[in-house]
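# Structural overview
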Amino acid sequence: MTTSFETVTSADGTLIAFERTGEGTPVVLAGGAFNDRTTVAGLAATLAPDFTVIAYDRRGRGDSGAGAVYSVEREVEDLAAVIDRVGGSAAVFGHSSGAVLGLEAAARGVAMTGLAAYEPPYVVDDSRPRPAADLFDRVRALIADGDRDGAAELFLVEGTGTPAEVVKGMRDDPFWAWFTGLAHTLPYDLALCGPGNVLPADRLAKISVPTLVMGGGESDVWMRAGARAVADAIPGARHATVEGQDHGVLHQPDALRGLLTDFLG
């Protein structure tokens, strides 16, 4: 199946890169923290027999530009530009902070035929501490000082609730270079989720496109609770549990195929 590399210019002049695969109704894939278009490539291949799948590099990642100044509005404009380029309306799948991006875009009226969100990382219960309100500032300061290792570790421990001892083990793995390579984009993910990862129920209530919110059956309690709370906040949204999966579901894209094909089709 042919994959084409393309670019589109966002509203502020930033070049956004994407790959187009398959034929049919367009579906845009938005990855989360430490992700670029390559990390959603497996899901793109899984969905391509039924859809035209667009895997794109969010701002500052892969072959996309970063722009002069980051804001959530600029990221929403990036997604809108990609959708406009591939037909003017498309379904969107977002994972983690990419799911938050999809939700923010839908709430702002970006043209979508449907939205599928996997574990947007809002903290809605007391099963984990809420990220500190100054986490964005502290991560950004570490990046400004050139401490990408420290920024990635701080984001994982305080932002995602990953145990510190697990992160210390991750730092000894050669794959850690992938995390540090994308560390400069972590403030983008934190800005999307907002201080403390508080559920923006009022904004979510404005979403009018058909929405599916998913959580993994093996995911942390707080992630599963957040997914259900998002579905409850969006009028008419559907909630589904992907049994046997956790937040790393992109490594097992076939687990999503049935749900997404039925919903987006």
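Scroll up a little and you will see the structure.
Per-chain numbering applies: the sequence of each chain, read as written, is numbered from 1 onward. Per-residue local features are limited, in this predicted model, to residues with pLDDT of at least 70; the limit for side-chain atom pairs, both in listing and counting, is 80 or more; totals at the level of whole chains, interfaces and linings are taken over all residues. Values reported for side chains reflect all heavy atoms of the structure, with hydrogen atoms and water molecules removed beforehand.

On the surface, Glu 218, Asp 220, Glu 243 and Asp 246 cluster together into a negatively charged patch. Inspection of the secondary structure puts Glu 243 in the loop between strand E8 (238-242) and helix H11 (254-264). Using a 1.4 Å probe on the protein chains alone, a residue whose accessible area is under 20% of its type maximum counts as buried, one over 50% counts as exposed, and one in between counts as partly exposed. Its relative accessible area of 61% is what places Glu 243 among the exposed residues. Patches draw on residues past 30% relative accessible area with no salt bridge. Two like charges within 9 Å are joined, as are two nonpolar side chains (Val, Leu, Ile, Met, Phe, Trp, Tyr) within 5 Å. The method behind every accessible area is Shrake-Rupley, applied with a 1.4 Å probe, and residues are considered shielded solely by the protein chains displayed. What makes a salt bridge here is a side-chain nitrogen of Lys or Arg within 4 Å of a carboxyl oxygen of Asp or Glu, nothing more. Two residue types count as positive, namely Lys and Arg, and two as negative, namely Asp and Glu; His and chain ends fall outside the count. Here the site of a charge means NZ on Lys, CZ on Arg, CG on Asp, or CD on Glu. Helix and strand definitions here come from DSSP, where helices need a minimum of 4 consecutive H or I residues and strands a minimum of 2 consecutive E residues; each element is numbered from the N-terminal end.

Attention now goes to the packing of aromatic side chains. Only rings of Phe, Tyr and Trp enter the pairing, Trp through its six-membered ring, and a pair is recorded when the two centres are within 6.5 Å. The plane angle decides the type: under 30 degrees is stacked, over 60 is edge-to-face, the rest tilted. According to the stated counting rule, one finds 6 aromatic pairs in the structure shown. Look at Tyr 70 and Tyr 188: their rings are 4.2 Å apart centre to centre, the planes differ by 0°, and that puts the pair in the stacked class. Taken together, the residues span a long stretch of sequence, with Tyr 70 in the loop between strand E4 (52-56) and helix H2 (72-85) and Tyr 188 in helix H8 (residues 186-193) at a distance of 118 residues. Like Tyr 188, Tyr 70 is buried. Put simply, the rings of Phe 34, Phe 155, Phe 175, Trp 176, Trp 178 and Phe 179 pair up and form one aromatic cluster. Counted as over-ring charges are cases with an Arg CZ or a Lys NZ within 6 Å of the ring centre that also lie within 35 degrees of the ring normal. For Arg 128, the ring lying beneath its charged end belongs to Trp 222, and the centroid distance is 4.6 Å.

This brings us to the sheet that holds strand E5 (residues 90-95). Here, a strand pair is defined by DSSP locating no fewer than two bridges between the strands. Across the sheet, which stays open at both edges, the 8 strands sit in the order E1-E2-E4-E3-E5-E6-E7-E8 with mixed pairing between neighbours. Pairing within the sheet leaves two strands with one partner each, and these edge strands are strand E1 (3-9) and E8. The mean inter-strand angle of the sheet, taken between neighbouring strand axes irrespective of direction, is 25°. Bridging between E1 and strand E2 (residues 15-21) involves 7 bridges; their strand directions are antiparallel. A fitted line through C-alpha atoms represents every axis, and for helices the fit uses only the stretch in contact; the resulting angles, taken between N-to-C directions, go from 0 to 180 degrees.

Counted along the chain from E1 to the antiparallel partner E2, the turn is 5 residues long, and its residue Gly 13 has a positive phi close to 95°. For E2 and E4, the ladder comprises 4 bridges, and the chain directions are antiparallel. Bridge pairing in E4 places Arg 20 opposite Ile 54.

Under the definition given, this model contains 21 salt bridges. Here Arg 171 makes a salt bridge to Asp 149, at a shortest N to O gap of 4.0 Å. Remark: Asp 149 occurs in helix H5 (residues 148-159) and Arg 171 occurs in the loop between helix H6 (164-170) and helix H7 (176-181); sequence separation between them is 22 residues. The closest approach of N and O atoms between Glu 153 and Arg 171, which form a salt bridge, is 2.5 Å. On the criterion of sequence distance, the pair formed by Glu 153 in helix H5 and Arg 171 in the loop between H6 and H7 is long-range, its members being 18 residues apart. A single network of salt bridges, built from pairs that share partners, joins Glu 19, Arg 37, Asp 57 and Asp 63.

Turning to the pairing of strand E7 (residues 211-216), a few remarks are in order. Buried residues dominate E7, accounting for 6 of its 6 residues. Residue alternation in E7 divides its side chains into two sets, Thr 211, Val 213 and Gly 215 and Leu 212, Met 214 and Gly 216, and both sets are buried. As defined by bridge partners, strand E6 (residues 112-118) adjoins E7 across 4 bridges and the pair is classed as parallel. Bridged to Ala 116 within E7 is Leu 212.

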